[in-house]
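Residues per chain are reported as follows:
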Amino acid sequence: MEDDAPVIYGLEFQARALTPQTAETDAIRFLVGTQSLKYDNQVHVIDFDDENNIISKTVLLHQAGEIWHISASPADRGVLATCYSQAADSKVVTCAAVWRMPAELEPGGQESPEDAASPAHALELLCLLEPAARGSTACVTWEPAGDGKRVVSLADSHILLWDLEGSSSQATLASSASLEGKGQLKFTTGRWSPHHNCSQVATANDTAIRGWDTRTMSQIYCIESAHGQLVRDLDFNPNKQYYLASCGDDCKVKFWDTRNVAEPVKTLEEHSHWVWNVRYNHSHDQLVLTGSSDSRVILSNMVSISSEPFGHLVDDDDLSDQEERRLEEKSQEPPQDSVIATYEEHEDSVYAVDWSSADPWLFASLSYDGRLVINRVPRALKYHILL
């Protein structure tokens, strides 16, 4: 099989929630949450065998409701958080909870996609992240470099910092803050920064992006009209501590330096509909993934604003005269940002894209019709970055 060929897996339900299993750095594993009104919802644990291009799955029952957001613990492979909708007092609210996969179940390998008849295991509820105000929770984000004991949830206009105690079986509200202003302000998404000793969280509400200090729960920066319409997603550059990417309903992807938020550093306008997701590659931050309701996934090379705009720095002593001349010529040319590839395997809105936590050259995308596609960075570009 051709090395760059996509691998496609179909879920029987609609789906919009995807995350890599962050604590798993050996196996290529993604978690997908379904959205079904009629049937019990599920979390599909998708294992990808890179050598044989084979997907295997494990299905876990999530009977609490439709899954709108899913995130995995950075420290414990068996723990995940979901935001799911539930009817309460004749209205639908989105709740958040922390779950554990069954202990006897080491995901992947034992069940092939044809084995649909085998019984599904249920997720074990560890604790609910219930705000006192009973607002709807938009997302749960884990402390990136932590021990999996601190999470932030965004419920309506509240940002809530939780301490998970024991074996994550109890959540204690450590501190909180609220959006203040006119109208009904609601958070849409948030992301915990891996920099600054994990003391900063970025959130989006309507067209604004805000930075928060988790130690004081105070606002540290605000980009008032970051996008022309609703901001859908955020991500931090893993190697440049002040750089943040955002995307939204104005079809744009913007890159910000949080020290000077008057103007974006760079803007991409490659999508023709709402952009739902933006993700930096964890190792090579010039690689940026975006997914949109135009059914396309775009992989961009944002080399000019990356941590290595001129490639790897090489020791002069190791170069021949010819290589040195070539390197000098190359360094005089400004690095060119470009679209590396546009992936069109989806036929419905792409609600989620994410990189594998085990293989930096592999990523997954999920469209609403339940189609999960696993793709690789083109081999030529991979070698260009590495060599």
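In this text the structure is predicted, and so the values were computed from the model without any measurement. (Residues numbered from 1 in each chain as written. Predicted model: local features only at pLDDT ≥ 70, side-chain atom pairs only at ≥ 80, totals over all residues. Heavy atoms only, no water.)

1. Quick look at the overall build of the protein chain
Regarding its fold elements, the protein chain presents 2 helices and 29 strands. Burial status across the protein chain gives 53% buried among its 387 residues. Look at the contacts in the protein chain between residues 6 or more apart in sequence, and 52% of them connect residues 24 or more apart. Of the accessible surface of the protein chain, which amounts to about 17400 Å², a share of 45% is contributed by carbon and sulfur atoms. (Helix = DSSP H or I, 4+ residues; strand = E, 2+ residues; numbered from the N terminus. Buried < 20%, exposed > 50% of the residue type's maximum accessible area, 1.4 Å probe, protein only. Contact = heavy atoms within 4.5 Å. Areas by Shrake-Rupley, 256 points an atom, 1.4 Å probe, with all protein chains shown as cover.)

2. Comments concerning the UniProt feature "repeat: WD" (unreviewed entry) in the protein chain
Mapped onto the present numbering, the UniProt feature "repeat: WD" (unreviewed entry) falls at residues 224-260. Helix makes up 0% of residues 224-260 and strand 46%, whereas the separation of the span's terminal C-alpha atoms amounts to 13 Å. (UniProt positions renumbered as here; feature names shortened; annotations may be inferred.)

3. Topic: the environment of W162
Relative to the assigned elements, W162 resides in strand β13 (residues 158-165). Owing to a relative accessible area of 5%, W162 belongs among the buried residues under this scheme. Between the C-alpha atom of W162 and that of K149, which follows or precedes it by 13 residues, the distance is 8.1 Å. In this structure, W162 is in contact with L129, E130, P131, K149, R150, V151, S153, A171, T172, L173 and A174, ignoring residues within four places of it in sequence. Polar side-chain contacts of W162 include one of 2.8 Å to the side chain of S153. (Polar contact = N/O pair within 3.5 Å; in protein donor to acceptor, adjacent residues only side chain to side chain.)

4. Quick word on empty space enclosed by the protein
Counting across every chain of the model gives 2 cavities of 30 Å³ or more. As a volume, the second largest cavity reaches approximately 30 Å³. Contributing to the lining of the second largest cavity are C251, V253, L268, E270, H271, T290, I298 and S300. The class makeup of the residues in the lining of the second largest cavity is 4 nonpolar, 3 polar and 1 charged. (1 Å grid on protein atoms, 1.4 Å probe; cavity = no way out; pocket = protein on both sides within 12 Å on 5 of 7 lines; lining within 4 Å. Points joined across faces, edges and corners; volume = space filled by probe spheres on them. Nonpolar A, V, L, I, M, F, W, Y, C, P; charged D, E, K, R; others polar.)

5. Some thoughts on the pairing of strand β5 (residues 54-62)
For β5, the tally of buried residues reaches 8 of 9 residues, placing the bulk of the element in the interior. The pairing of strand β4 (residues 41-49) with β5 spans 9 bridges and is antiparallel. Opposite Q42, over in β5, you have L61 as the bridge partner. Between β4 and β5, which pair antiparallel and follow one another directly, the connecting turn spans 4 residues, one of which, N53, has a positive phi of 55°. (Pairing = 2+ DSSP bridges.)

6. What to know about the sheet that holds strand β7 (residues 79-88)
In spatial order, the strands read β6-β7-β8-β10; together these 4 strands make up an open sheet with antiparallel pairing. For this open sheet the edge positions go to β6 (67-72) and β10 (124-128), each flanked by a neighbour on one side alone. For this sheet the average axis-to-axis angle between neighbouring strands, irrespective of direction, equals 35°. As judged from the 4 bridges shared by strand β8 (residues 91-100) and β10, these two strands associate in the antiparallel manner. Looking at β10, one finds that A97 is bridged to L128. (Axes fitted to C-alpha atoms, helices over the stretch in contact; angles between N-to-C directions.)

7. Describing the sheet that holds strand β2 (residues 14-20)
Strand order in the open sheet formed by 5 strands is β2-β3-β4-β5-β9, with mixed pairing between adjacent strands. Across the chains shown, the open sheet's two edge strands, defined by having one partner strand only, are β2 and β9 (121-122).

8. Topic: the packing of aromatic side chains
This structure, assessed with the given rule, holds 9 aromatic pairs. An angle of 70° between the planes, with centres 6.3 Å apart, marks the rings of F187 and W212 as edge-to-face. With F187 in the loop between β14 (170-178) and β15 (189-192) and W212 in strand β17 (residues 208-213), this residue pair connects regions lying 25 residues apart in the sequence. On the accessibility criterion, F187 (5% relative accessible area) is buried. In textbook terms, an aromatic cluster arises when at least three aromatic residues are bridged by ring pairs, as seen for W274, W276, Y351 and Y368. Positioned above the aromatic ring of Y243 is the side chain of K240, whose terminal nitrogen or guanidinium carbon lies 4.2 Å from the ring centre. (Phe/Tyr/Trp six-rings, centres within 6.5 Å; stacked < 30°, edge-to-face > 60°. Lys NZ or Arg CZ within 6 Å of the ring centre and 35° of its normal.)

9. Overview of the pattern of salt bridges
Applying the stated criterion across every chain, the model contains 15 salt bridges. Between E24 and R29 there is a salt bridge whose closest N-O contact spans 3.4 Å. Note on accessibility: E24 and R29 belong to one class, buried. Between R371 and E347 there is a salt bridge whose closest N-O contact spans 3.5 Å. Here R371, found in strand β29 (residues 371-376), pairs with E347, found in the loop between β26 (338-343) and β27 (350-355); they are 24 residues apart in sequence, far enough to count as distant. What makes E347 exposed here is its relative accessible area of 63%. (Salt bridge = Lys/Arg side-chain N within 4 Å of Asp/Glu carboxyl O.)

10. Considering the side chain of D233
Tracing the backbone through its elements, the reader meets D233 in strand β19 (residues 231-236). Classification of D233 by relative accessible area gives buried; the value is 4%. In this structure the side chain of D233 is engaged in a polar contact, spanning 2.7 Å, whose partner is the side chain of N277. Within polar-contact distance, the side chain of D233 engages the backbone nitrogen of V278 at 3.0 Å.

11. So, unusual backbone geometry
Working note: non-glycine residues mostly have negative phi, and peptide bonds are mostly trans. A positive phi is found at H196, a non-glycine position, where the angle reads about 55°. We classify H196 as partly exposed; its relative accessible area is 21%. One non-glycine residue, S295, lies in positive phi territory at about 70°. For S295, the location among the structural elements is in the loop between β24 (287-292) and β25 (297-301). The exposure class assigned to S295 is buried, which follows from its relative accessible area of 17%.

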